[in-house]
Amino acid sequence: MSVDEIVNQIHPLRDYLVKIAFIQLRDMTLAEDLAQDTMLAAIQAADRFEGRSKVKTWVTSILRNKIIDAIRAKQRAFAHTSIDAGADDDFVNVLFSDGGTWEEKPASWGDGEFDLSQKQFMAVLDICIEKLPPNQGRAFVMKEVLEMGPDEICKSLEITPSNMWVLLHRARLVLQSCLDTKWFANKRDA
Amino acid sequence: MRNCREISELLSMAQDKRLSFFDRLGLRMHLAMCDGCSNFAKRLDILKSAMRQYRE
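Residues numbered from 1 in each chain as written. Chains lettered and ligands numbered in written order. Predicted model: local features only at pLDDT ≥ 70, side-chain atom pairs only at ≥ 80, totals over all residues.

With that out of the way, let us pick up the overall build of chain B. If you tally the helices and strands in chain B, you get three helices and zero strands. Secondary structure elements of chain B occur, N-terminal to C-terminal, as α-α-α. Taken along the three principal axes of its C-alpha coordinates, chain B extends 40 × 25 × 15 Å. A burial count over chain B gives 29% of its 56 residues as buried. (Helix = DSSP H or I, 4+ residues; strand = E, 2+ residues; numbered from the N terminus. Buried ≥ 20, exposed ≤ 12 C-beta atoms within 10 Å, placed from the backbone.)

Put into structure tokens, the structure is as follows:
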């Protein structure tokens, strides 16, 4: 891949980078700055891109480092002074009875190969991720998009491992429920 | 015996780290008789693939 081609692939990633940075920092100006810095750094280093990973993966890894630095820089002002893993409990409590059984059993999303590459589905997923409660969104995106390890996530969010597992679990319950309502339920009725 | 809520927590955790033998055994026994949790487990895998697609 030529440097020109790489640069052309970096430009369309802007919205994606802003969104991921915003979920982490909840500050649009800062998120836009980080996305800009990331693209600039990637373009400047384009001739060193080795092509072992996809351009998006590589650019995301640059963003990850910028996010970690930014979180560290505004450590004190940031909401994680009191990240409370149980704060979004209400939704989860609705899903389970007092005895811990499903109030409504999760329906099947089908056993066949489901075509995840559908643009519409990815757009719905995008909306559901953005709608996650802030702390769940942070933890989940760190894990699944920025591909940070558990230790790194705990350190960045200043939470204990058990709080992190709770946040990730809640995020997955909320996401499943969102995807079910906004996508799979329609497919079942169709 | 673990309830569905606890099983769903274990299933979610299993996405990110290897569970103990005891936990895996408990999961398998529960999943064999609970289709709600079985569906939840399959949906977790679909979500995982979807997130791979999302970041690529």
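Broken down by element type, chain A carries nine helices and zero strands. Starting at the N terminus and ending at the C terminus, chain A contains elements arranged as α-α-α-α-α-α-α-α-α.

A word on the packing of helix H2 (residues 14-25) of chain A against helix H4 (residues 55-73) of chain A. Residue and element names in this part refer to chain A. It is at 11 Å that the axes of H2 and H4 come closest, and there the two elements cross at 25 degrees. In terms of their interaxial angle, H2 and H4 are classed as roughly parallel. Helix-helix and strand crossings are classified by hand; for H2 and H4 the assignment is right-handed. Packed against H2, whose contacting residues are Leu-17, Ile-20, Ala-21, Gln-24 and Leu-25, the element H4 presents Leu-63, Ile-67, Ala-70 and Ile-71 at the interface. Partitioning the contact of H2 with H4 into residue classes produces eight nonpolar, one polar and no charged. (Axes fitted to C-alpha atoms, helices over the stretch in contact; angles between N-to-C directions. Parallel < 35°, antiparallel > 145°, perpendicular 65-115°, else oblique. Left-handed = near helix turned anticlockwise from the far one by under 90°. Contact = placed C-beta atoms within 7 Å. Nonpolar A, V, L, I, M, F, W, Y, C, P; charged D, E, K, R; others polar.)

This part covers the nonpolar core. Residues and elements named next belong to chain A. Counting residues in hydrophobic clusters, the biggest one holds 53 residues, and the most contacted among them are Ala-21, Ala-139, Val-141 and Ala-171. With eleven residues, the single largest contributor to this core is helix H9 (residues 161-189). Aside from chain neighbours lying at most four places away, what touches Ala-171 is Leu-132, Gln-136, Gly-137, Ala-139 and Phe-140. (Core = buried A, V, L, I, M, F, W, Y, C linked by C-beta atoms within 7 Å.)

Time to look at the interface of chain A and chain B. Taken together, the 29 residues of chain A in the interface contact 24 residues of chain B. Where the side of chain A that touches chain B is concerned, the elements lending two or more residues are H4, helix H6 (119-130), helix H7 (134-144) and H9 of chain A. Here the side of chain A that touches chain B takes six residues from H9(A), the largest share from any one element. Grouping the amino acids of the side of chain A that touches chain B by side-chain chemistry returns 14 nonpolar, nine polar and six charged.

All names here are of chain A. Packing of helix H3 (residues 28-44) against H4 brings their axes to within 9 Å, and their N-to-C directions diverge by 135 degrees. Relative to H4, the element H3 lies oblique. Viewed along their axes, H3 and H4 form a crossing whose handedness is right-handed. Within the contact between the two elements, H3 uses Leu-30, Leu-34, Asp-37, Thr-38, Ala-41 and Ala-42 and H4 uses Val-59, Ile-62, Leu-63, Lys-66, Ile-67 and Ala-70. Here the contact of H3 with H4 is built from residues that sort into nine nonpolar, one polar and two charged.

All names here are of chain A. End to end, H3 covers 24 Å across 17 residues, agreeing with the expected 24 Å (1.5 Å per residue, within 8%). Taken together, the buried positions of H3 are occupied by Ala-31, Leu-34, Ala-35, Thr-38 and Ala-42. Looking down the long axis of H3, one finds its buried residues gathered within 100 degrees of arc, a one-sided arrangement. For H3, the exposed residues lying more than 90 degrees away from the buried face are Thr-29, Leu-40 and Gln-44. The elements touched by buried residues of H3 are helix H1 (3-10), H2 and H4. (Expected span 1.5 Å × (residues − 1). Arc of directions from axis to C-beta.)

Moving on, we come to the confidence of the model for chain B. Looking at chain B as a whole, the pLDDT averages 94, with 100% of positions reaching at least 70. Across the whole predicted complex the pTM is 0.87, and at the interface the ipTM reaches 0.95. (pLDDT = per-residue confidence, 0-100.)

Its place among the elements puts A:Ala73 in helix H4. Taking the C-alpha atoms as reference points, A:Ala73 and A:Lys143, separated by 70 residues in sequence, lie 21 Å from one another.

Bringing unusual backbone geometry into the picture now. All names here are of chain A. For Arg-26, which is not glycine, the phi torsion reads 50 degrees and is therefore positive. Residue Arg-26 is classed as partly exposed on the basis of its 14 C-beta neighbours within 10 Å. Of note in this structure, Glu-158 is not a glycine but carries a positive phi near 50 degrees. Inspection of the secondary structure puts Glu-158 in the loop between helix H8 (150-157) and H9.

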